[in-house]
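Analysis of the macromolecular model
One letter stands for each residue in the lines below.
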Amino acid sequence: MSDENGTPATPAGSPATGPTGPRPEPLRFFGTAWVHHDNGYALRRAGVAAGSLLAAAAACFVLRFAFEGIQIANSGAFVTLLVVVMFAVCSALAFGHTWGGFSKRPDPERQSSLRGLLAIGFIGSLLAYFFRSFTEAPGEKLHRREYEEAREQFERRATRRSGNPSRKRRHS
């Protein structure tokens, strides 16, 4: 994993291509259970859905205290409105960015530039995990596509090679 943005340094299927071919890239909370939907895959998906929804609800509860603090400070309705709009917009953008990251690899430079926005809108990211876990493990479609492409490339390379190249006859 890249330390800067949390994305894997290599795409799925590319590391350790040995005699058996490429290995699938593990997904967070799922490992490689997403490949064959085994090892408690359905239970893990239910756990991710419940956990992300519970974390989002807890985060909203904590944000409620922040809003109460703003009201106690008597900052005014305009400041309270700005804070509410900021969290709503950042959460919506974080939801869209996280949802898009499930189907294509995010650009590392863009990811690092959006780090602050994604931190503020973390509730949107949690909700994206919640909704995506109804259909698949979050990011499974992307990883499956990359893994199948790597398997196909491996199969093509493996079938092209035949025999010992040093024994090959030279045509003159």
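Residues numbered from 1 in each chain as written. Predicted model: local features only at pLDDT ≥ 70, side-chain atom pairs only at ≥ 80, totals over all residues. Heavy atoms only, no water.

**A closer look at the packing of aromatic side chains**
Just so we agree on the cut-off: Centre distance within 6.5 Å is the pairing criterion for rings of Phe, Tyr and Trp, where only the six-membered ring of Trp is used; planes under 30 degrees apart are then read as stacked, over 60 as edge-to-face, and the remainder as tilted. Using a 1.4 Å probe on the protein chains alone, a residue whose accessible area is under 20% of its type maximum counts as buried, one over 50% counts as exposed, and one in between counts as partly exposed. Counted as over-ring charges are cases with an Arg CZ or a Lys NZ within 6 Å of the ring centre that also lie within 35 degrees of the ring normal.
Taken as a whole and judged by the stated rule, the model has 10 aromatic pairs. Between the aromatic rings of Phe130 and Phe131, the centroid separation amounts to 5.1 Å while the plane-to-plane angle is 65°, which identifies the pairing as edge-to-face. Owing to a relative accessible area of 13%, Phe130 belongs among the buried residues under this scheme. Each ring, one from Phe130 and one from Phe134, has its centre 4.9 Å from the other, and the planes form 70°; the classification is edge-to-face. Linked through ring pairs, Phe95, Trp99, Phe102, Tyr129, Phe130, Phe131 and Phe134 together constitute an aromatic cluster. Sitting over the face of the ring of Trp99, Arg132 holds its NZ or CZ atom 4.8 Å from the ring centroid.

**Focus on a nonpolar patch on the surface**
Inclusion rule: Think of a patch as exposed residues, more than 30% relative accessible area, with no salt bridge, where like charges cluster within 9 Å and nonpolar side chains (Val, Leu, Ile, Met, Phe, Trp, Tyr) cluster within 5 Å. Surface exposure here means Shrake-Rupley accessible area, sampled with a 1.4 Å probe, where a residue is shielded only by the protein chains that are shown. Here, a salt bridge means any side-chain nitrogen of Lys or Arg that lies within 4 Å of a carboxyl oxygen of Asp or Glu. Secondary structure elements are taken from DSSP: a helix is a run of H or I of four residues or more, a strand is a run of E of two residues or more, and numbering for both begins at the N terminus.
Taken together, the side chains of Leu81, Val85, Val89 and Leu93 make up a nonpolar region of the molecular surface, amounting to roughly 340 Å² of accessible area. Tracing the sequence through the fold places Leu81 in helix H2 (residues 77–101).

**With respect to the pattern of salt bridges**
Going through the model one piece at a time under the given rule, you end up with 6 salt bridges. Measuring nitrogen to oxygen at the nearest pair gives 3.3 Å for the salt bridge that ties Glu68 to Arg64. Here Glu68 pairs with Arg64, and both are found in helix H1 (residues 41–72), just 4 residues apart, close to one helical turn. We classify Glu68 as partly exposed; its relative accessible area is 29%. With its nearest N and O atoms 2.8 Å apart, the salt bridge here joins Glu136 to Arg132. Accessibility assignment for this pair places Glu136 and Arg132 in one class, buried. Residues joined in a network through salt bridges with shared partners are Glu25, Arg105 and Glu146.

**Regarding the packing of H1 against H2**
Spelled out, the test is: Inter-axis angles, ranging from 0 to 180 degrees, are taken between N-to-C directions of lines fitted to C-alpha atoms, where helices are fitted over the stretch in contact. For this classification, under 35 degrees means roughly parallel, over 145 means roughly antiparallel, 65 to 115 means roughly perpendicular, and everything else is oblique. Two helices crossing with the near one rotated counterclockwise from the far one by less than a right angle form a left-handed crossing, whereas a clockwise rotation gives a right-handed crossing. Contact criterion: two residues are considered in contact whenever any of their non-hydrogen atoms come within 4.5 Å of each other.
Where H1 meets H2, the axes come as close as 10 Å, and the angle between the chain directions of the two elements is 160°. The pairing of H1 with H2 is recorded here as roughly antiparallel in orientation. Both H1 and H2 take part in a crossing whose hand is right-handed. On the side of H1, the interface is formed by Leu63, Phe67 and Ile70, while H2 contributes Val79, Thr80, Val83, Val84 and Phe87.

**A look at the environment of His37**
Basically, it comes down to this: Here a polar contact is recorded for every N or O atom pair within 3.5 Å, except that within protein the pair must consist of a potential hydrogen donor and a potential acceptor, and residues adjacent in sequence are included only if both atoms are side-chain atoms.
Mapped onto the secondary structure, His37 falls in the segment before H1. Note: C-alpha distance between His37 and Ala137 (100 residues apart in sequence) is 9.7 Å. With residues near it in sequence (within four places) discarded, His37 still touches Glu140 and Arg144. Here the side chain of His37 touches Arg144 through a polar contact of 3.4 Å, side chain to side chain.

**Looking at the nonpolar core**
The condition is simple: Throughout this description, the term nonpolar core refers to a set of buried Ala, Val, Leu, Ile, Met, Phe, Trp, Tyr and Cys residues connected via side-chain atoms within 4.5 Å.
Ranked by size, the top nonpolar core spans 8 residues in total: Leu27, Phe30, Trp34, Val35, Tyr41, Val48, Ala137 and Tyr147. Ignoring any residue separated from it by four or fewer positions in sequence, one finds Leu27 in contact with Trp34, Ala137, Pro138, Gly139, Glu140 and His143.

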